[in-house]
Structures are given as structure tokens and as C-alpha cells.
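A structural walkthrough
If you want the building blocks of each chain, they are given just below.
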Amino acid sequence: MKLQRKNGLRAAALGALAVSGALVLTACGSDNNAGGTGGTGEKTSAASNIKCDDAKGKLMAAGSSAQKNAMDLWVKNYMAACTGVEVNYKSSSSGEGIVNFNQGRVAFAGSDSALKPDEVEESKKICKSGQGINLPMVGGPIALGYNLSGVDKLNLDAATVAKIFNGKIKNWNDPAIAKLNEGTELPDKAIQAFHRSEDSGTTQNLGKYLGATAKADWPYEAEKKWPAPGGQAASGSSGVAAQVKQVDGAIGYFELSYATSQSIPTVNVATGASAPVEATSENASKAIAAAKVKGTGKDLALELDYATKAEGAYPLVLVTYEVVCDSGNNPETLSTLKSFLTYASGDEGQKLLSEHGYAPIPAEINSKVRETVAGLK
């Protein structure tokens, strides 16, 4: 039975890691959890540097689909090292993740945007002696993936991207696109623009970029809900990527790992630098490296420069946060929470990111993340 359970846990880590309602745990400040009976909290395995410490039982989390691929890798490695521990991350959206966190259903939430003041205030009901804080854990480019027969390289600037997604540019051979792609034969084909159907931090980051660089053509507030008229909606980054992959003439936005895994070509962004910038982990890191911590206390929310014109810096980036209680975490899951996040923010966990289309958090900021994780109560 023990072997069977162990194999089942590892198999779960390789899949979509769906959360069963029967496994829901309270995030912070409650003694009513159903977990904590399954594990032994075994120490570090010989094949890894993961420290399991007193990790045990089940750790529930949910949120951003932007970090799903990174989270799947982390969970797989962590559960392989820490036998008897089960980590379930339900990939949905940043909005759903924060709702679940503030309702006490998960130990942490993944979000592509920092908590709003009202969300922080609401978190105090769950965190009891503390509040929700933002820990930057995953960085990377938001790729503009496209599917256009005969076109294997495409340049766009912010104004053109804005006009495509609000329906003002409707055809691929529009003069504005042609001007940015001299020498490329663009087809006379309708543009099929796809956006997220649910509240999404990826949508909000796209809005922040367009608001900072093309305000005249993108007059909307940067919110998680899609603001512009027209276009077609799909669920999650995986849903948008799937539609772009299937539909000739399509364009959409999602994390680079989705484009890489499905061989979807991505747009080079003209920023005002000497050449349009390709969506790569390295180029995203150049933009993220200039980020500044805007959070106070233990909160490590970042301020990104979406309007950067630095050479080789890809400006359309996001940072995904793990939202946790700084104090008042559920004592039954606290050890597992700290152990897992210590691994994810550590050298081994962060190294995985650059190998799979993400960008590691800059070292100076990441050292603060590790310090904060160690002090979670």
C-alpha cells in the first residue's frame, strides 16, 4: 500500500494537479484541516538538495496559470524528494487563486499581480495575526504568439499590438504591420485575436505594458478582466495557446513556456532600441533586473519598467507571486509550506526556470524572498 501511494503521488505531480474538493485545506489560522496524516517528512534525498525538514501531509495551492509549468516541475521534484508529502497546485487564474486564499481554502495562491489594498485587508481575516504578502517567485516574458502561414518572423510595436487587440487593426496586411515588417509578404487575412476569458494577472500585465507604452491606443485601466471590445476568449494561458496553435491568422498572449512547448512562433517587440527584441528568458531577465521593491515590511511586490528601451530588454514581462500569510499560517501546513517555498526560491528551484522558458528572480530580490520564507509564522 505504501508503494502504491508513493507511485500515485508522483503520477499526480506529472499531470495537471487538479484539486479535489475533498482535499481542500484551510490556509491560515484554523485547526480544522483534513490533511497531515499521510507523510513521514523524510529528509533530503541523495539525488537533490531539497530539505524536507518536518514537511508532511497535503499542501493545497491554486491560482495563476502563468506559473503552471514551473509549478509542475517544482512539485514533481519536491514530491520525489519528500516522500509522503502531497502538493496540489490547481492552475486556474490569479483572480481565482486570491479568492481561494482569502477564503482559507489554500495554503498559498499564485498571482501574476500583487494583492490590492482591499485584498490585503480581506486576508487579515484568514491570516489572523498577520496579512497576505507577495513573494516574487517566477519571472518571464509574456509572449505574443501568432499563427500566420508563410510568416516565420514578425515585428510589432506597442501601438500596433494595442490596435490589434482592440479591433482597430483587422487584417494582417494592414499598412501599420507592413511598415514594421519590410520585405515580408503579409497575407490578406483577417486577424483572430484571442484573450483570456477569466480574471487574469497575465491580462493585467499586458494592460500595464500597453498603458505605459501606447496610452493613446489603449485607454483602459490595467485590470485582470479583459477590457477591450471584440476578440475571442479562451480559458487560461493553455486555452489561449491552444487556439492560436489551431487557428491560422490567430494571435494571443501567454507565457513563453506555452509557446516553446507547442512550437508557436512569437512576436519580436519594437521598443525603440536599435532592433526589435525577441521574447526569451534572457531578454526578459534584462527587464526584470531593473525592477524595484515597492512593497513595505515583508511584502515584496515589485515595480516593473514596462517602457524600457534598453538594448536587448524584452519589456512585456510578468512576475508571478506566491501569496502567503506573513503570520498566522495554519500550523498543520506551515512546515510544508516553508519547505516547499524554500526549495522553489532556492538555487536549484530557480535554475529550473531558465531551462523552461521562465526567468529567475534577480539574486538581490530573491535573497529577500528566502529570508521572508524562513521567517513565516
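Rules behind the numbers
- Residues numbered from 1 in each chain as written.
- Predicted model: local features only at pLDDT ≥ 70, side-chain atom pairs only at ≥ 80, totals over all residues.
- Heavy atoms only, no water.
- Disulfide = S-S within 2.5 Å.
- Helix = DSSP H or I, 4+ residues; strand = E, 2+ residues; numbered from the N terminus.
- Buried < 20%, exposed > 50% of the residue type's maximum accessible area, 1.4 Å probe, protein only.
- Contact = heavy atoms within 4.5 Å.
- Polar contact = N/O pair within 3.5 Å; in protein donor to acceptor, adjacent residues only side chain to side chain.
- Pairing = 2+ DSSP bridges.
- Axes fitted to C-alpha atoms, helices over the stretch in contact; angles between N-to-C directions.
- Arc of directions from axis to C-beta.
- Salt bridge = Lys/Arg side-chain N within 4 Å of Asp/Glu carboxyl O.

Description of the state of the cysteines
Taken as a whole, this structure holds 2 disulfides when the rule is applied. Here C52 connects covalently by a disulfide to C82, the sulfurs 2.0 Å from one another. Between C52 and C82, the S-S torsion sits near -90°, and that sign places the bridge as left-handed. Highlighted residues: C52 in the loop between α1 (2-14) and β1 (58-63) and C82 in the loop between α2 (68-81) and β2 (86-91), separated in sequence by 30 residues. C82 shares its class with C52; the two are buried.

Comments concerning the environment of D299
Mapped onto the secondary structure, D299 falls in the loop between β10 (292-293) and β11 (302-303). Along the sequence, D299 and V323 sit 24 residues apart, while their C-alpha atoms lie 9.5 Å from each other. Not counting residues up to four positions away in its chain, the partners in contact with D299 are I133, N134 and V293. Separated by 3.3 Å, the side chain of D299 and the backbone nitrogen of A301 make a polar contact.

Observations concerning the sheet that holds β1
Strand order in the open sheet formed by 8 strands is β2-β1-β3-β12-β4-β8-β6-β7, with mixed pairing between adjacent strands. Looking at strand neighbours, the two that pair on one side only are β2 and β7 (232-234), the edges of this open sheet. Sheet twist, expressed as the average angle between the axes of neighbouring strands with direction ignored, equals 25°. Across 2 bridges, the pairing between strand β6 (residues 192-196) and strand β8 (residues 250-255) is parallel. Counted as the bridge partner of A193 is I251 from β8.

Side note on helix α12 (residues 347-354)
Along α12, the positions that sit buried rather than exposed are G349, Q350, L352 and L353. The buried residues of α12 occupy one face: seen down the axis, they fall within an arc of 150°. In α12, the exposed positions that point more than 90 degrees away from the buried face belong to D347 and K351. Here the buried face of α12 lies against α2, β4 (132-147), α11 (331-345) and α13 (363-374).

Quick look at the environment of A291
Mapped onto the fold, A291 is located in the loop between α10 (281-288) and β10. The class for A291 is buried, based on a relative accessible area of 11%. Separated by 70 residues in sequence, A291 and I361 place their C-alpha atoms 9.9 Å apart.

Describing the pairing of strand β12 (residues 317-325)
Where burial is concerned, most of β12 is hidden: 9 out of the 9 residues are buried. Residues V317, V319, Y321, V323 and C325 point to one face of β12 and L318, T320, E322 and V324 to the other, with burial holding for every one of them. Alignment of strand β3 (residues 108-111) against β12, held across 3 bridges, turns out to be antiparallel. From the neighbouring strand, S111 faces β12, where its bridge partner is Y321.

Regarding helix α8 (residues 236-246)
Turning to α8, its buried residues number three or more, namely G236, S237, G239, V240, A241 and V244. In this fold, the buried residues of α8 make contact with β4, β6, α7 (201-213), β7, β8 and α9 (256-262).

Observations concerning the pattern of salt bridges
Between side chains of opposite charge, a pair can form as their charged atoms come close. Here the structure, examined in full by the defined rule, presents 7 salt bridges. The partner of K224 in a salt bridge is E119, with the nearest N and O atoms 3.9 Å apart. One end of the pair, K224, is in the loop between α7 and β7; the other, E119, is in helix α4 (residues 117-127), with 105 residues separating them in the sequence. K224 sits in the buried class, given a relative accessible area of 7%. Judged by its relative accessible area of 15%, E119 is buried. In this structure, D248 and K189 form a salt bridge, with 3.5 Å as the shortest nitrogen-oxygen distance. Taken together, the residues D248 in the loop between α8 and β8 and K189 in the loop between α6 (175-180) and β6 connect sequence positions 59 residues apart.

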